[in-house]
Amino acid sequence: AQKITQTQPGMFVQEKEAVTLDCTYDTSDPSYGLFWYKQPSSGEMIFLIYQGSYDQQNATEGRYSLNFQKARKSANLVISASQLGDSAMYFCAMREGTGNQFYFGTGTSLTVIP
Amino acid sequence: DVKVTQSSRYLVKRTGEKVFLECVQDMDHENMFWYRQDPGLGLRLIYFSYDVKMKEKGDIPEGYSVSREKKERFSLILESASTNQTSMYLCASHSTGVVTEAFFGQGTRLTVV
């Protein structure tokens, strides 16, 4: 079974609008971390936001927030007030507390339309 | 400023050549990884290492080997490059214990002709 599933290969959003990128995960480890990365066309992976499995509050970092629904095993990324520079690939990832490995989804390509 | 550095941004190699991709991190991380990224397939783990001289196969190790002689350096080796190894290669590192983010290098875009 896939550890991380991203079902949206491509998304479009109008500039200044909000957009939600979906991510579901699968683990039986009670301790885990969920991460979102942005990859612009230049190729580097930029860390955006982190949510721990025991965190009570949804994580926020500037215009990024993580909609964490533990019972549904989902960790959707919400980008508010989209900017042209947000156009990139976005990857959801998970690391289980008992392991050293990161598991990545297949990514969502976001295009912001002016 | 933490850093993971990959030796080359772009590489073009011929079929059958032995190819070395080098990765160095300056964060004293125990864990280092090599991923391959292809469109529609996301990041696939080739090999990882959790200590010097230790290595573990990932999901797609065939055709690759690795070397970790020093803690800061993790090398990916293509023993005999083939055209189906044309891809983007990403190196990453992170620390053991506390669940923190992985840090990535800038990527190496390898073309095998």
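Our structure is the block above this text.
Residues numbered from 1 in each chain as written. Chains lettered and ligands numbered in written order. Predicted model: local features only at pLDDT ≥ 70, side-chain atom pairs only at ≥ 80, totals over all residues. Heavy atoms only, no water.

Participant: Got a minute to help me understand the overall build of chain A in this structure?
Facilitator: A count of helices and strands for chain A gives 0 helices and 12 strands. The N-to-C order of helical and strand elements in chain A reads β-β-β-β-β-β-β-β-β-β-β-β. Relative to its 114 residues, chain A shows a buried fraction of 46%. Taking as baseline every contact in chain A between residues at least 6 positions apart, the subset at least 24 positions apart corresponds to 54%. (Helix = DSSP H or I, 4+ residues; strand = E, 2+ residues; numbered from the N terminus. Buried < 20%, exposed > 50% of the residue type's maximum accessible area, 1.4 Å probe, protein only. Contact = heavy atoms within 4.5 Å.)

Participant: What is the right way to read the overall build of chain B from this model?
Facilitator: Helices and strands together make up the secondary structure of chain B, namely 0 helices and 11 strands. Whereas a compact globule of 113 residues would reach a radius of gyration of roughly 13 Å, chain B reaches 13 Å, a difference of no more than 12%. Dimensions of chain B along its principal axes, counting C-alpha atoms only, are 40 × 25 × 25 Å. A buried classification covers 49% of the 113 residues belonging to chain B. Counted over contacts in chain B with a minimum sequence separation of 6, partners at least 24 positions apart contribute 55%. (Rg over C-alpha atoms; globule rule 2.2 N^0.38 Å.)

Participant: Sorry if this is basic, but what is going on with the packing of aromatic side chains here?
Facilitator: Aromatic ring pairs are reported here in terms of the distance separating the ring centres and the angle at which the planes meet. All names here are of chain A. Counted according to the given criterion, the structure contains 15 aromatic pairs over all chains. Above the plane of the ring of Tyr 103 lies Lys 3, whose end atom (NZ or CZ) is 5.3 Å from the centre. Taking the ring centre of Tyr 64 as reference, the NZ or CZ of Arg 63 above it sits at 5.7 Å. (Phe/Tyr/Trp six-rings, centres within 6.5 Å; stacked < 30°, edge-to-face > 60°. Lys NZ or Arg CZ within 6 Å of the ring centre and 35° of its normal.)

Participant: Sorry if this is basic, but what is going on with the interface of chain B and chain A here?
Facilitator: Reports of interface size often rely on the accessible area that becomes lost once the parts have come together. Taken together, the 25 residues of chain B in the interface contact 19 residues of chain A. In total, about 1,700 Å² of surface goes out of reach between chain B and chain A, with carbon and sulfur atoms giving 57% of it. Summed over the shared surface of chain B and chain A, the result is 5 residue pairs in polar contact (both at pLDDT 80 or more). Elements with a contribution of two residues or more to the side of chain B that touches chain A: strand 4 (31-38), strand 5 (42-49) and strand 9 (87-94) of chain B. (Buried area = accessible area lost by both parts, 1.4 Å probe. Polar contact = N/O pair within 3.5 Å; in protein donor to acceptor, adjacent residues only side chain to side chain.)

Participant: How should the state of the cysteines be read in this particular structure?
Facilitator: As used here, a disulfide is simply a covalent bond connecting the sulfur atoms of two cysteines. For the structure on display, the rule yields 2 disulfides over all chains. The disulfide that involves Cys23(A) links it to Cys92(A), with 2.0 Å between the sulfurs. Residues Cys23(A) and Cys92(A) are joined through a disulfide that is left-handed, its torsion about the S-S bond being -65°. Linking Cys23(A) in the loop between strand 3 (19-21) and strand 4 (24-25) with Cys92(A) in strand 10 (residues 88-96), this pair joins segments that are 69 residues apart in sequence. Residue Cys23(A) is classed as buried on the basis of its relative accessible area of 0%. Across the disulfide from Cys23(B) sits Cys91(B); the S-S distance is 1.9 Å. Because the sign of the S-S torsion sets the handedness, a value of about -80° for the bond joining Cys23(B) and Cys91(B) places this disulfide among the left-handed ones. Of this pair, Cys23(B) sits in strand 3 (residues 19-25) while Cys91(B) sits in strand 9, and the two are 68 residues apart along the sequence. The burial state of Cys23(B) is the same as that of Cys91(B); both residues are buried. (Disulfide = S-S within 2.5 Å.)

Participant: Help me understand the environment of Glu96(A), please; the structure alone is not making it clear to me.
Facilitator: Within the element layout of this structure, Glu96(A) appears in strand 10. Note: C-alpha distance between Glu96(A) and Leu110(A) (14 residues apart in sequence) is 27 Å.

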